[in-house]
Amino acid sequence: MTLTSIEGSSFKYSPRTNKYTKINIETPLYENEVITTSKVGLTVMDFNDEVIGTVVLAPNTQVILRKTTSDGIRLLSLVRGHVRLYRAEKYNKKKVGVLINIRDNPTAYYGTHFEIQYSQSTKLVTSFNSNFKKYHLNKKSFTLKNIAPKKTDPVDQELSEDLKFLLEDT
């Protein structure tokens with residue numbers, strides 16, 4: 001996966017290191033990491049391996065990169081915000097792609113051009129073509145450690161609190 005565009009601030013939390021760091025275009029991303037955009041942040045992720053697809057994370061969005069057991073399939077869990085996925089038509093026949101689900105919801109969405117908006121008051125899934133499917137995920141229970149960031153910049157204090165809340169709430 002490649003980060004091809006970042007505007008504003010975006011961060012990742014890694015459970016392996018129990019730290020969060022600001023991300024840039026060269027930052028590698030791994031499974032079970034939490035990606036968060038700030039209120040003015042925008043991140044474009046290109047799955048340019050066997051998955052093939054582009055995901056745009058709008059401002060104030062959090063997703064978790066989940067592990068899947070299928071080659072060529074990635075799972076993103078939307079915690080909050082707005083994501084949009086696009087795949088070029090020439091790849092429509094390949095059985096690869098990105099599944100996106102709303103966190104703690106067993107339904108995942110798959111297609112070539114769709115978006116999901118999710119907050120406490122809104123859940124909106126929009127497909128922009130007929131190549132759209134819903135799948136039921138087999139979810140297992142899990143626990144995450146509670147983290148408290150050790151230091152933050154004053155500008156990123158609210159984002160830091162959001163990350164802390166996310167991990168405490170899991």
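Just so you know, the residues in each chain are numbered from 1, in the order the chain's sequence is written. Since the coordinates come from a predicted model, pLDDT governs what is reported: local features require at least 70, and pairs of side-chain atoms require 80 or more to be given and counted, while whole-chain, interface and lining totals use all residues. Where side-chain values are given, they derive from all heavy atoms of the structure, hydrogens and water being excluded.

> Help me out: how do you make sense of the pattern of salt bridges in this one?
Two side chains of opposite charge can pair, provided their charged atoms sit close to one another. By convention in these notes, a salt bridge is any Lys or Arg side-chain nitrogen within 4 Å of a carboxyl oxygen on Asp or Glu. As enumerated under the stated definition, the model contains 2 salt bridges in all. Two residues, Glu33 and Lys12, come together in a salt bridge whose shortest N-O distance is 3.3 Å. Placement of the pair is Glu33 in the loop between strand S3 (19–22) and strand S4 (34–37) and Lys12 in strand S2 (residues 10–14), with a sequence separation of 21 residues. Residue Glu33 shares its accessibility class with Lys12, and that shared class is buried. Put simply, Glu115 and Arg84 hold a salt bridge, and the shortest N to O gap is 3.6 Å. With Glu115 in strand S11 (residues 113–118) and Arg84 in strand S8 (residues 73–86), this residue pair connects regions lying 31 residues apart in the sequence. A helix here means a DSSP run of H or I that spans at least four residues, while a strand means a run of E at least two residues long, and both kinds are numbered starting from the N terminus. When accessible area is computed with a 1.4 Å probe and restricted to protein chains, residues below 20% of their type maximum are described as buried, those above 50% as exposed, and intermediate ones as partly exposed.

> Help me out: how do you make sense of the environment of Thr4 in this one?
Take Thr4: it is sitting in strand S1 (residues 2–7). Assessed through its relative accessible area of 38%, Thr4 is described here as partly exposed. Residues Thr4 and Val44, 40 residues apart in the sequence, show an inter-C-alpha distance of 5.7 Å. The contact criterion used is simple: two residues touch if any of their non-hydrogen atoms lie within 4.5 Å. Setting aside anything within four residues of it in sequence, one finds Thr4 in contact with Ile25, Val44 and Asp46. A 3.5 Å cut-off defines polar contacts: any pair of N or O atoms within that distance qualifies, except that in protein one atom must be a possible hydrogen donor and the other a possible acceptor, and neighbouring residues in sequence count only when both atoms are side-chain atoms. A polar contact of 3.2 Å, which involves the side chain of Thr4, links it to the side chain of Asp46.

Note that every value here comes from positions in space, so none of it alone points to a role or purpose.
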